[in-house]
Amino acid sequence: MLHTALFGGRHGARLLVLAAIMFTALGLRPAAAEDWNPTRPIRLLVPYGPGGSSDVIARAVAIEMSRDLGQQVVVENKGGGQGSIATMEAARARPDGYTLILGHVGTLAVNPAMMRNLPYDPVKDFSPIILLAKLPMVFALNARVPANDLQSFVALAKAKPGTLNYGSAGNGSAGHLAFEMLKTATGIDVVHVPYKGTGAQLQDLLAGNIDAASAGLPGLLPQAQSGRVKLIAVGSARRLDAIPDVPTVAESGYPGFESSQWFGLLAPAGTPAPVIARLNKAGHAALAAESVRQRLEQDSSEISGAGPEAFAAFIVSEEKRWGEVVRKANVHAE
């Protein structure tokens, strides 16, 4: 960029004027924040396996972001390590806008309290881009379990302490912590069976290898509609429009209970502000797209759209809230 410090006095001022005329004549102008655009595909790492809520939301958003950015946003599922493997990879990636991570309550709010040697810092190692959505947890049973609602399931579990089990997408996942919250609220003894992702968990739920599970509605709804699983309660403060006949946990006799997972986009710390601004714009465009809105509304997700600063503050508050849940439930990484 030309500057009067390089060309002093009246002569420097004339050069600046001439430069401005040349930029205008050539159709050029100084770069602004919104002028960054990718020139190659962008990787969007998902810290859990395919088939779960994270995967569904990431792929829906990636399609629309690709349209807005003019480059493909490629979703890569990398499960394992309670989501820390993919999250660590994103933290160590070059901060150039070409590697993103789907942030999740498990990786950013639960893992810091649960894992002793967490290989990343959820606050220092990332530049938040946009909080996409919040998704209430849903509690489900295999169709053969002799219970049709939360009250009867609690009664069954109390009659057979330690014999029923429930699956989750992994130790410390949103489903794991939601069910631990339920155990604390109801006083039941149900054994936890962790899986590597929601997809594997739901396969065993359908097969009857586990009795119960807690997950987001996207993975559970098709199975419930086919009669292969029974939805007995939702963790949100109010009933979900997609399943209006399923009561909340609070309605079922446990007031104050609320549990949701959330999803957002982050880049490695140090990613330039113009890149964050452009990716935020693409994220908002994706949330405004009819295909994404219908997908999220169908799954009873609450669209957020909170920007970098608000998302950063939200992560800090959630880390504190879920940390208390982890310590109370005495959950540790395996």
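On a predicted model such as this, the values are computed, not experimentally measured, just so you know. (Residues numbered from 1 in each chain as written. Predicted model: local features only at pLDDT ≥ 70, side-chain atom pairs only at ≥ 80, totals over all residues. Heavy atoms only, no water.)

Time to look at the overall build of the chain. What the chain contains, in helices and strands, is 11 helices and 10 strands. Counting the 334 residues in the chain, one finds 52% classified as buried. For the chain, the computed accessible surface area is about 15,000 Å², with 54% contributed by carbon and sulfur atoms. (Helix = DSSP H or I, 4+ residues; strand = E, 2+ residues; numbered from the N terminus. Buried < 20%, exposed > 50% of the residue type's maximum accessible area, 1.4 Å probe, protein only. Areas by Shrake-Rupley, 256 points an atom, 1.4 Å probe, with all protein chains shown as cover.)

Further remarks concern the side chain of glutamate 180. For glutamate 180, the location among the structural elements is in helix H6 (residues 174-186). For glutamate 180, a relative accessible area of 10% translates into the label buried.

Our next topic: empty space enclosed by the protein. Going through the model one piece at a time under the given rule, you end up with 1 cavity of 30 Å³ or more. Of the pockets and cavities examined, the largest cavity occupies roughly 140 Å³. Looking at the largest cavity, it is lined by 16 residues, and the ones nearest its centre are His104, Ala169, Ser173, Thr198 and Gln261. Going through the elements one at a time, helix H2 (53-69), H6, helix H7 (198-207) and strand S7 (212-216) are the ones with two or more residues in the lining of the largest cavity. The element contributing the most residues to the lining of the largest cavity is S7, with 3 residues. (1 Å grid on protein atoms, 1.4 Å probe; cavity = no way out; pocket = protein on both sides within 12 Å on 5 of 7 lines; lining within 4 Å. Points joined across faces, edges and corners; volume = space filled by probe spheres on them.)

Let's shift gears to the packing of H2 against helix H10 (residues 290-298). For the pair H2 and H10, the least separation of the axes is 9 Å and the interaxial angle reads 165 degrees. One element, H2, and the other, H10, form an angle in the roughly antiparallel class. For the element pair H2 and H10, the recorded crossing hand is left-handed. Only Ser291, Val292, Arg295 and Leu296 of H10 make contact with H2, whose side of the interface consists of Val56, Ile57, Ala60, Val61 and Glu64. (Axes fitted to C-alpha atoms, helices over the stretch in contact; angles between N-to-C directions. Parallel < 35°, antiparallel > 145°, perpendicular 65-115°, else oblique. Left-handed = near helix turned anticlockwise from the far one by under 90°. Contact = heavy atoms within 4.5 Å.)

Next up on the list: the pattern of salt bridges. Applying the stated criterion across every chain yields a total of 12 salt bridges. For glutamate 76, the salt bridge is made with arginine 43, and the minimal N-O distance between the two is 3.0 Å. Taken as a pair, glutamate 76 in strand S2 (residues 73-77) and arginine 43 in strand S1 (residues 42-46) lie far apart in primary sequence, 33 residues in all. Note that aspartate 68 is salt-bridged to lysine 281, the shortest N-O span being 4.0 Å. (Salt bridge = Lys/Arg side-chain N within 4 Å of Asp/Glu carboxyl O.)

For the rest of this paragraph, the subject is the layout of surface pockets. Estimates place the volume of the largest pocket at around 450 Å³. In this structure, the largest pocket is lined by 22 residues; those nearest its centre are Lys134, Pro136, Ser236, Ser300 and Glu302. Secondary-structure elements contributing two or more residues to the lining of the largest pocket are strand S4 (126-142), strand S9 (260-268), H10, strand S10 (302-306) and helix H11 (308-329). Counting residues per element, the lining of the largest pocket draws most heavily on H11, at 3 residues.

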